[in-house]
Amino acid sequence: MATILVVEDERKLRELLRSYLEREGLSVLSAGTGAEALSIADEASPDLVVLDLGLPDIGGDTVAIELRHRSSVPIVMLTARADEADRIRGLQLGADDYVTKPFSPRELMLRIRAVLRRTAPEGTEPRRSYGAGAIVIDEPTRSVRVGGQEVRLTPTEWGLLLALSGAPGRVFSRAELINRVRAHEFEGYERSVDSHIKNLRRKIEADPANPAAVLTVLGAGYRFGLPRDPS
């Protein structure tokens, strides 16, 4: 599951894009300002950034330049500026594609998919195994096998597992997990993450009371404790 950072100051449009991209099987982070976008990009290392140029604090052009200085993350610019000169400048700043408003979510989705295909590392493996085969995650089929047996996860549990297992050992705060996994389902209450983690542990841990996969880091959040097996 690729992680997309949507940077858009209009809340309704931001939530519309989140909802649409999540329905398409993508994990979504969101930011309403340039400063927030840069902070999230540094912390979460998204696979692609959808960047509105009309931001209230830092210009989108400046955000694009900063992102390019810090990483090679693909950027799809989203803007009302339709002039050819603006499109050329956006590409010169390092954008991988340029979508003008108004736009259809389907068109944006197709462009995102095309950019992800072009920029994906060779040999990317969608099926991952952890802990000497104790847990096997297959993204294309959205399936998880624990000890050789398939388990059924809710969409929220699936999203939490993907986020945590995508970076074994890395500590994720509750707020970051909410941002990565359908923020609107948590009703703004970070502690509700704990209930979903508890349910996830019941399904994937041999002993939920003494977890080996999803570990609690006191005062910080959660991390994935099983190492990824060699491909």
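Residues numbered from 1 in each chain as written. Predicted model: local features only at pLDDT ≥ 70, side-chain atom pairs only at ≥ 80, totals over all residues. Heavy atoms only, no water.

Asker: What is the right way to look at the overall build of the chain in this model?
Answerer: Within the chain, the regular secondary structure consists of eight helices and 11 strands. Expressed as a percentage of the 231 residues in the chain, the buried residues total 46%. Residue pairs in contact within the chain that sit at least 24 positions apart in sequence constitute 56% of those at least 6 positions apart. Split by element, the accessible area of the chain, about 11600 Å² in all, is 49% carbon and sulfur. (Helix = DSSP H or I, 4+ residues; strand = E, 2+ residues; numbered from the N terminus. Buried < 20%, exposed > 50% of the residue type's maximum accessible area, 1.4 Å probe, protein only. Contact = heavy atoms within 4.5 Å. Areas by Shrake-Rupley, 256 points an atom, 1.4 Å probe, with all protein chains shown as cover.)

Asker: Got a minute to help me understand the environment of Ala 64 in this structure?
Answerer: Summarising the element assignment, Ala 64 is placed in helix H3 (residues 60-70). Taking the C-alpha atoms as reference points, Ala 64 and Ala 95, 31 residues apart in sequence, are found 7.5 Å from one another. The contacts of Ala 64, once residues within four sequence positions are left out, are Leu 51, Ile 75, Met 77 and Leu 93.

Asker: Honestly, the pattern of salt bridges in this entry has me stumped. Any pointers?
Answerer: A side chain of one charge can pair with a side chain of the opposite charge if their charged atoms are brought near each other. This model, assessed by the stated rule, comprises 13 salt bridges. Of the charged contacts in the structure, one is a salt bridge between Lys 101 and Asp 52, with a shortest N-O distance of 3.5 Å. With a gap of 49 residues between them, Lys 101 in the loop between strand E5 (97-100) and helix H5 (105-119) and Asp 52 in strand E3 (residues 48-52) connect regions that are remote in the sequence. Residue classification places Asp 52 among the buried residues on the basis of a relative accessible area of 3%. (Salt bridge = Lys/Arg side-chain N within 4 Å of Asp/Glu carboxyl O.)

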